[in-house]
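Here is what each chain is made of, one letter per residue.
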Amino acid sequence: MKSHKPTIVWYQAVTCNGNTHSLLSASSSRLELFLNSFDLIYHPSLTIDTTLDDILKLKDIDFLLVEGAITSDEKYYSINQNSTKNILEKLSQKAKYIISVGSCASYGGVHKKFEQNDDILGVEEIIDTKKYKNLKHEIVNLTGCPVHPEWILQTVFSLNSFSRMSLDDEKRPRELYSNLAHHGCTRNEYFEWKVEGDFGQKEGCLFYDQGCRGPMTHSSCNKILWNDVSSKTRAGMPCIGCTEKDFPRENMLETKKNIGIPLDVPLGIPKRAYLSITGVAKTFKIDRLNKKLMD
Ligand code: SF4
Ligand code: SF4
């Protein structure tokens, strides 16, 4: 199995396949460039020539992309009578780069939160990078439920070209996660003047009642648009903070408040300052915005 292109193995553990679906909804020109630039030698649903057993016999893999949470509990989840942890460790010995694709691979995600199994982990919690001689880089976490397809492509292309990426404290690429979902949202003016909209409406901010987490969520969803045209907030759905470690939270479509004041305020703003500014903003009635909301 000789290839002159960098090889990619996509390993699926405990997953709903959401990140695979997301990859397939990348713009066609980008997906084509990706498939022409790399050799996707294994994906359980997208490739047919190679089995996981074949991959386990290889000496090297350039990129190991992991989708889904990991468990050592074979009764809970196994592949060919092997635990997902056991297979991950074998694959990791061969990889130059390991990328956790999505929140489940990064932190355990929804499985860690709701299942009774306390043995659900993210890749980073299992793989001690110092033990793996082939590895050239820290494990990269691409959080999101699912992750944006363009973030996967940009990460693989960047690592392949430059061998390095600057990561934040959660091991996410800074160039993709240093913005907040709030940045670039078309509803920013409503946010400033505290004009709330309703779920599914085209106008109005979704922060004050609908639970929008855009101002606290590291993501470039309103800068690198989904399907090149949209995002949750553009479509009238609040951001539910799917790139953060505390996702999923309970009652995600409501804003938790104390005496009418949101419990969580935008990142980096002291609560007292936030309250003073919004208190002043609320005293203004911006007819132009209210009219747009009604129209
Ligand atoms: S809808 Fe959310 S992301 Fe958009 S301006 Fe309001 S708080 Fe920010
Ligand atoms: S807008 Fe928020 S919830 Fe939606 S994908 Fe982006 S980070 Fe996740």
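All of these numbers come straight from a predicted model, not from anything done at the bench.

Quick word on empty space enclosed by the protein
Piece 1. Taken as a whole and judged by the stated rule, the model has 2 cavities of 30 Å³ or more.
Piece 2. The volume enclosed by the largest cavity comes to roughly 90 Å³.
Piece 3. Looking at the lining of the largest cavity residue by residue, the classes come out as 8 nonpolar, 4 polar and 1 charged.
Piece 4. Volume-wise, the second largest cavity comes out at about 30 Å³.
Piece 5. Lining the second largest cavity, in full, are Leu52, Asp53, Leu56, Ile79, Asn80, Asn82 and Ile87.
Piece 6. Its residues placed into classes, the lining of the second largest cavity shows 4 nonpolar, 2 polar and 1 charged.

Some points on the site of ligand 1
Piece 1. Around ligand 1, the structure places His182, Cys185, Arg187, Asn188, Phe191, Cys205, Leu206, Phe207, Cys212, Gly214, Pro215 and Thr233.
Piece 2. Under a 2 Å grid-point criterion requiring more than half of the atoms, the pocket assigned to ligand 1 is the largest cavity.
Piece 3. Partitioned by chemical class, the residues of the shell around ligand 1 number 7 nonpolar, 4 polar and 1 charged.

Comments concerning the packing of helix α2 (residues 28-37) against helix α8 (residues 149-162)
Piece 1. It is the contact of α2 with α8, at a shortest axis distance of 11 Å, that shows an interaxial angle of 35 degrees. Every pair of crossing elements has a handedness; the one defined by α2 and α8 is left-handed. Contact residues: Arg30, Leu31, Leu33, Phe34 and Ser37 in α2; Glu150, Leu153, Gln154, Val156 and Phe157 in α8.
Piece 2. For the contact of α2 with α8, the class distribution of residues is 6 nonpolar, 2 polar and 2 charged.

Quick notes on the pattern of salt bridges
Pairs may arise between side chains of opposite charge once their charged atoms sit close together.
Piece 1. As enumerated under the stated definition, the model contains 14 salt bridges in all.
Piece 2. The salt bridge partner of Asp264 is Arg213, with a shortest N-O separation of 2.8 Å. Linking Asp264 in the loop between β11 (261-262) and α11 (271-283) with Arg213 in the loop between α10 (188-192) and β10 (257-258), this pair joins segments that are 51 residues apart in sequence.
Piece 3. The class for Arg213 is buried, based on a relative accessible area of 15%.
Piece 4. A network of salt bridges, in which partner residues are shared, links Asp168, Arg172 and Glu244.

Overview of the packing of aromatic side chains
Piece 1. Tallied over the entire structure, the rule returns 8 aromatic pairs.
Piece 2. Centre to centre, the rings of Trp151 and Tyr177 are 5.0 Å apart; their planes meet at 65 degrees, and the pair counts as edge-to-face. Here Tyr177 lies in helix α9 (residues 174-177) and Trp151 lies in helix α8, a separation of 26 residues in the sequence. The exposure classification of Trp151 matches that of Tyr177, with both residues buried.
Piece 3. With a centroid separation of 5.1 Å and 90 degrees between ring planes, the pair formed by Phe207 and Tyr208 is classed as edge-to-face. Tyr208 carries the same exposure label as Phe207, and that label is buried.

Some points on the nonpolar core
Piece 1. One finds Phe63, Leu65, Ile99, Ile152 and Val156 to be the most contacted residues of the largest nonpolar core, which totals 27 residues.
Piece 2. For this core, the element with the most residues is α8, which contributes 6 residues.
Piece 3. Ignoring sequence-local partners within four residues, the contact set of Leu65 consists of Ile8, Val9, Trp10, Tyr11, Ile99, Val101, Ile152 and Val156.
Piece 4. Residues Val9, Leu64, Ala95 and Ile98 belong to the second largest nonpolar core, which totals 25 residues.

As for the side chain of Ser106
Piece 1. As for its position among the elements, Ser106 is in helix α5 (residues 103-107).
Piece 2. The residues touching Ser106, leaving out its near neighbours within four places in the chain, are Ser100, Gly122, Val123, Glu124, Asn141, Leu142 and Thr143.

Details of the environment of Met294
Piece 1. On the secondary structure map, Met294 appears in helix α12 (residues 287-294).
Piece 2. Taking the relative accessible area as the measure of exposure, Met294 reaches 71% and is therefore exposed.
Piece 3. In this structure, the C-alpha to C-alpha distance between Met294 and Gln154, residues 140 residues apart in sequence, is 40 Å.

Quick word on the pairing of strand β1 (residues 7-12)
Piece 1. Of all the 6 residues making up β1, 6 are buried; the element is thus mostly covered by neighbouring parts of the structure.
Piece 2. Here β1 shows no split at all, with Thr7, Val9 and Tyr11 on one side and Ile8, Trp10 and Gln12 on the other all buried.
Piece 3. Bridging between β1 and strand β2 (residues 39-42) involves 3 bridges; their strand directions are parallel. Of the residues in β2, the one forming a bridge with Ile8 is Leu40.
Piece 4. Sheet topology places β1 next to strand β3 (residues 61-67); 5 bridges connect them, and they run parallel. Within β3, the residue paired with Trp10 across the bridge is Leu65.

Thresholds applied
- Residues numbered from 1 in each chain as written.
- Chains lettered and ligands numbered in written order.
- Predicted model: local features only at pLDDT ≥ 70, side-chain atom pairs only at ≥ 80, totals over all residues.
- Heavy atoms only, no water.
- 1 Å grid on protein atoms, 1.4 Å probe; cavity = no way out; pocket = protein on both sides within 12 Å on 5 of 7 lines; lining within 4 Å.
- Points joined across faces, edges and corners; volume = space filled by probe spheres on them.
- Nonpolar A, V, L, I, M, F, W, Y, C, P; charged D, E, K, R; others polar.
- Near = heavy atom within 4 Å.
- Sits in = over half its atoms within 2 Å of the grid points.
- Axes fitted to C-alpha atoms, helices over the stretch in contact; angles between N-to-C directions.
- Helix = DSSP H or I, 4+ residues; strand = E, 2+ residues; numbered from the N terminus.
- Left-handed = near helix turned anticlockwise from the far one by under 90°.
- Contact = heavy atoms within 4.5 Å.
- Salt bridge = Lys/Arg side-chain N within 4 Å of Asp/Glu carboxyl O.
- Buried < 20%, exposed > 50% of the residue type's maximum accessible area, 1.4 Å probe, protein only.
- Phe/Tyr/Trp six-rings, centres within 6.5 Å; stacked < 30°, edge-to-face > 60°.
- Core = buried A, V, L, I, M, F, W, Y, C linked by side-chain atoms within 4.5 Å.
- Pairing = 2+ DSSP bridges.

Geometry only, nothing functional implied.
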